[in-house]
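For reference, the chains in residue letters:
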There are 2 protein chains.
Amino acid sequence: MEKFPQFVVFLVAAAFLGSLSVVLVLFWVLHWKGGLAWDQGLLEFNWHPVLSVIGLIFISGFGVIIYRLPWTWNRSKTLMKYIHAGLNIVTFVLLVISLVAVFDFHNSKKIPNMYSLHSWVGLAAVIMHTLQIVLGLCTFLLPCTPTFIKTLYMSVHVGVGLFIFGMSVTAAEMGITEKLIFSLRPGSNTTLPYSQSPPEAILVNTLGVFILLFGGCILWIATRPEWKRPPASIKESVGSEEGSILNKTNVSAETNNENVAEGTARSTPLNLEDVGQRSTF
Amino acid sequence: MEKFPQFVVFLVAAAFLGSLSVVLVLFWVLHWKGGLAWDQGLLEFNWHPVLSVIGLIFISGFGVIIYRLPWTWNRSKTLMKYIHAGLNIVTFVLLVISLVAVFDFHNSKKIPNMYSLHSWVGLAAVIMHTLQIVLGLCTFLLPCTPTFIKTLYMSVHVGVGLFIFGMSVTAAEMGITEKLIFSLRPGSNTTLPYSQSPPEAILVNTLGVFILLFGGCILWIATRPEWKRPPASIKESVGSEEGSILNKTNVSAETNNENVAEGTARSTPLNLEDVGQRSTF
């Protein structure tokens, strides 16, 4: 892999920032917001930021770059597709709970739903994420889907996927802004309002900065052409020329396995492996 | 250019969404927020969203993709560098006025500065934008800068530039969220609060959606490898093979001009044109 040390720096940064974001959002709701419960009150609302950050930011972020991890390049592409789909399905389940929590809280408190820009962008991201899963499964994992449809849909799937992740980060930043303004307003039972920068505001603003930096790392990794998973046909020659991390035997096995798994589609002139590997670019 | 029709679709979409964003932010402050003035009050604050959207979103966005417009590929690379720098300097001037307006308003109303996530991300974007201009001018437009420094700094300049643009879009979304919550709060002199979705809220949320889509188009155009400005050495062959839009005579003239303009640096093995053209990738 070209510029491998740079890749490792961005990956480690993403892992660090993403993990720290999850820790900070948990610390926020457990230390300052009374914890988690399913009581139609503020404690139920707290599931919303926690599950959104874990799902739509952390897990979904690593779902975006899963094909780019060079340690997976000697694994079957089909296996990686299942992992990519699996991470996004887990995200979907967490998002459903996250949305039920916030709608349930709003309805019980007679707070209108879907009026803010945060809710517009956030719900659009969730709907698009769901459509991506359905269309992705039908297109790339159903063996009967014609190759030309896979090819046509690939760039749309990639572009929309990156955009959804960007929307998710933006929605998280707006969600933090909203929540801090609403919960730390003057006259509330907190010690200081948001404008006086109490420790909670500093910590949650910092969470917002970490989420933004995590998003930057993920999108940078996902758009560098030199960090793209090489097509199976190229991987072997790369392995022999550069003595790289690719295991030639495994690559051959992968190619054979995929030929079997993907059936007749592999006999078409277009290399399906090539189509698949563009999915994170 | 590969996938030229797709490029045109994204470019037209960006031009449309960006222009509409400028129109909407002007309509917002002129129709609902009392217009513009320099009175240390709300009318002075109104310069902040107007100049930020025009500068940091619209002008800066097109500054990001200026090298990718194929109609400019037969123009001197040095000329394009001046246009890129010029657009970013205009953005900087607008941002200084935009920031003076908001600090002046806050100070006159005894509102604390720099407590919100919007202000953290926004000011960081402005500081980083300013540093990018200074370092970019010193590195790419000063003839005495050694080639190895240009090469080393290029990928940083590109990566940070794209991240600053992403930060700017995110800051705009948070700014819209803040302003709508503060100005359309229950009990204010407006007809309906934000939570009741008055026409102003719908329009400004729509502005937020347009800014987000504009950001998506710009970042998509800026990260597709197939839409990169070709190095001068390649442009001629592309022109002869495909009868493309490139004017071979002009390309040769450009190369000659740059050889003169960039002096001895052109005689190094590394092609400076190649270094320069990576600036939007």
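Model, not experiment: these values are computed from the prediction.

Looking only at helices and strands, chain A features 10 helices and 0 strands. The helix and strand sequence of chain A, counted from the amino end, reads α-α-α-α-α-α-α-α-α-α. The 281 residues of chain A split such that 54% are buried. If you take every contact in chain A between residues at least 6 apart in sequence, the share linking residues at least 24 apart comes to 74%. Within the structure as shown, chain A displays about 11,800 Å² of accessible surface, and the carbon and sulfur contribution to it stands at 70%.

For helix α6 (residues 147-183) of chain A, spanning 37 residues, the distance from its first C-alpha to its last is 52 Å, which sits close to the expected 54 Å at 1.5 Å a residue. Along α6 of chain A, the sharpest change in direction is near 35 degrees and occurs at Tyr 153 of chain A.

Residues and elements named next belong to chain A. This structure, assessed with the given rule, holds 26 aromatic pairs over all chains. Through a chain of ring-to-ring contacts, the aromatic side chains of Phe 4, Phe 7, Phe 10, Trp 71, Trp 220 and Trp 227 assemble into a single cluster. Stacked on the ring of Trp 220, the Lys or Arg Arg 224 has its end atom at 3.6 Å from the ring centre.

In this section: the relation of the copies chain A and chain B. The operation relating chain A to chain B is a screw motion whose rotation component is 180 degrees, with 0.0 Å of axial translation and a residual RMSD of 0.0 Å. The symmetry that links the two subunits is that of a two-fold axis.

This part is about unusual backbone geometry. Residues and elements named next belong to chain B. Look at Lys 110: it is not a glycine, yet its phi comes out positive at around 55 degrees. Relative to the assigned elements, Lys 110 resides in the loop between α4 (77-108) and α5 (117-141). Located in the positive-phi region is Ser 197, a residue other than glycine, with phi close to 50 degrees. Within the secondary structure layout, Ser 197 lies in the loop between α6 (147-183) and α7 (199-223). Judged by relative accessible area, Ser 197 falls into the partly exposed class, the value being 30%.

Residue and element names in this part refer to chain B. For helix α3 (residues 47-65), with 19 residues, the first-to-last C-alpha span of 26 Å sits near the 27 Å given by 1.5 Å per residue. Of all the bends found along α3, the most pronounced is centred on Ile 59 and spans about 25 degrees. With 16 of its 19 residues buried, α3 lies for the most part within the structure.

So, about the interface of chain A and chain B. On the side of chain B, 37 residues touch chain A, which itself brings 36 residues to the contact. Both sides together, the interface formed by chain A and chain B hides about 3,200 Å², and carbon and sulfur atoms give 76% of it. On the surface where chain A and chain B come into contact, there are 6 residue pairs in polar contact (both at pLDDT 80 or more). Put simply, the parts of the chain that give the side of chain A that touches chain B at least two residues each are α5 (117-141), α6 and α7 (199-223) of chain A. Element by element, the count of residues in the side of chain A that touches chain B is highest for α6 of chain A, at 13 residues. The residue inventory of the side of chain A that touches chain B, partitioned by class, reads 20 nonpolar, 13 polar and 3 charged.

Residues and elements named next belong to chain B. Summed over all chains, the structure comprises 4 salt bridges over all chains. In this structure, Lys 33 and Glu 200 form a salt bridge, with 2.9 Å as the shortest nitrogen-oxygen distance. On the criterion of sequence distance, the pair formed by Lys 33 in the loop between α1 (4-32) and α2 (42-45) and Glu 200 in helix α7 is long-range, its members being 167 residues apart. With respect to class, Lys 33 is no different from Glu 200; both count as buried.

On to the side chain of Ser 183 of chain B. The topology assignment puts Ser 183 of chain B in helix α6. Polar contacts involving the side chain of Ser 183 of chain B include one to the side chain of Lys 33 of chain B, which spans 3.4 Å.

Procedures and definitions
- Residues numbered from 1 in each chain as written.
- Chains lettered and ligands numbered in written order.
- Predicted model: local features only at pLDDT ≥ 70, side-chain atom pairs only at ≥ 80, totals over all residues.
- Heavy atoms only, no water.
- Helix = DSSP H or I, 4+ residues; strand = E, 2+ residues; numbered from the N terminus.
- Buried < 20%, exposed > 50% of the residue type's maximum accessible area, 1.4 Å probe, protein only.
- Contact = heavy atoms within 4.5 Å.
- Areas by Shrake-Rupley, 256 points an atom, 1.4 Å probe, with all protein chains shown as cover.
- Expected span 1.5 Å × (residues − 1).
- Bend = angle between axes of the 7 residues up to and from the residue.
- Phe/Tyr/Trp six-rings, centres within 6.5 Å; stacked < 30°, edge-to-face > 60°.
- Lys NZ or Arg CZ within 6 Å of the ring centre and 35° of its normal.
- Least-squares fit on C-alpha atoms with pLDDT ≥ 70 in both.
- Buried area = accessible area lost by both parts, 1.4 Å probe.
- Polar contact = N/O pair within 3.5 Å; in protein donor to acceptor, adjacent residues only side chain to side chain.
- Nonpolar A, V, L, I, M, F, W, Y, C, P; charged D, E, K, R; others polar.
- Salt bridge = Lys/Arg side-chain N within 4 Å of Asp/Glu carboxyl O.

Everything listed here is a matter of coordinates, which is why it stays silent on function.
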